[in-house]
Each structure stands twice: as structure tokens, then as C-alpha cells.
Amino acid sequence: MNGPRRARDLVRAYVRTGGLTRPSRDLDLSALVRSTTVAPPVEASGEERRVLALCSRQRALSVAEVAAHADLPPSAARIVIARLMDHGLLTTPTRAHITASPDLLKEVLDGLRALV
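Note that the structure is a prediction, hence the values are computed from the model and not measured.

Further remarks concern the overall build of the protein. If you tally the helices and strands in the protein, you get five helices and three strands. Starting at the N terminus and walking to the C terminus, you meet the elements of the protein as α-β-α-β-α-α-β-α. Each of the 116 residues in the protein was classed as buried or not, and the buried ones make up 29%. When the accessible area of the protein is evaluated, it comes to approximately 7900 Å², of which 57% is carbon and sulfur surface.

The structure is reproduced here in C-alpha cells:
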């Protein structure tokens, strides 16, 4: 019974990526991505629109988080994200873009001190 369901999932993932089977770039599941646009282009597919809606310009998500929220297999999420990056619609934030609040840093420091 598990075999036919698995086959349907594979076909579905293939269709959801526009027929692509490999991402155009190497993306780790922990890689952060962020949108570079406010609105998706008209020609964006449904999956691309969903991913762009998840990845706001203010908050970066990991590839794994995008996959989970978009209900995509991780391999399909990598393909869709790579395609959006190729078109300049998603980017990986640099260290300058990633900031932690002072409260969070204090909590981390307190937690580390508690371990010692």
C-alpha cells in the first residue's frame, strides 16, 4: 500500500518543480533565504508564489522551513528556491543582514553560563 502513495508523491514533486529534477545550485537545508521583491512576477508558478510569500524581506527562513511550510519535499523546495534565486527573486542574507536582538544574546549567554 505504501508503494503507490510514494509513486504519487514523486510524480507530484516532479510536477510541482516544473519538470526539473535538480537544483541549479547547491543549497543546504540550513541555508537561509529571503525575498528580494514585494510582489511575485506574473509569470511565477503557484509553488514559486507560495515560497515567495513565505520568505519576507524582513525575515529569512531556512530551506528546510520553506519546505515544511510549503508542504514540499526538501528536494523539490531546493529546486524551486534555486530557480527563484537564479531569477534574482530570493537571496541568501549576508552576516550584515542577520542580527540578533540584545535580549536573545543575553538569553544565550545566560544559558551558556548555566551549563558551566
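Text resumes after the structure shown.
One can find arginine 25 in the loop between helix H1 (2-16) and strand E1 (32-35). Owing to a relative accessible area of 33%, arginine 25 belongs among the partly exposed residues under this scheme. Measuring from C-alpha to C-alpha, the distance between arginine 25 and arginine 78 comes to 8.6 Å, with 53 residues separating the pair along the chain. Residues contacting arginine 25, with those up to four places away along its chain left out, are Ala82, Met85 and Asp86.

In this section: a nonpolar patch on the surface. Taken together, Leu104, Val108, Leu112, Leu115 and Val116 make up a surface patch of nonpolar side chains, about 570 Å² in accessible area. Structurally, valine 116 can be placed in the segment after helix H5 (102-115).

So, on to the nonpolar core. Judged by nonpolar contacts, the single largest core of 21 residues is most densely connected at Val51, Val66, Ile81, Leu84 and Leu90. Taken together, the elements giving at least two residues each to this core come down to helix H2 (46-54), helix H3 (63-69) and helix H4 (74-86). Looking at this core element by element, the count peaks at seven residues for H4. If we ignore the near neighbours within four places in the chain, the residues touching isoleucine 81 are Leu27, Val33, Val51, Val63, Val66 and Leu90.

As a further point, take the pattern of salt bridges. All told, the structure shown has four salt bridges when counted by the stated rule. With a shortest N-O distance of 2.7 Å, aspartate 86 and arginine 25 are connected by a salt bridge. Placement of the pair is aspartate 86 in helix H4 and arginine 25 in the loop between H1 and E1, with a sequence separation of 61 residues.

Calculation criteria
Residues numbered from 1 in each chain as written. Predicted model: local features only at pLDDT ≥ 70, side-chain atom pairs only at ≥ 80, totals over all residues. Heavy atoms only, no water. Helix = DSSP H or I, 4+ residues; strand = E, 2+ residues; numbered from the N terminus. Buried < 20%, exposed > 50% of the residue type's maximum accessible area, 1.4 Å probe, protein only. Areas by Shrake-Rupley, 256 points an atom, 1.4 Å probe, with all protein chains shown as cover. Contact = heavy atoms within 4.5 Å. Patch = residues over 30% accessible without salt bridge, like charges linked within 9 Å, V, L, I, M, F, W, Y side chains within 5 Å. Salt bridge = Lys/Arg side-chain N within 4 Å of Asp/Glu carboxyl O. Core = buried A, V, L, I, M, F, W, Y, C linked by side-chain atoms within 4.5 Å.

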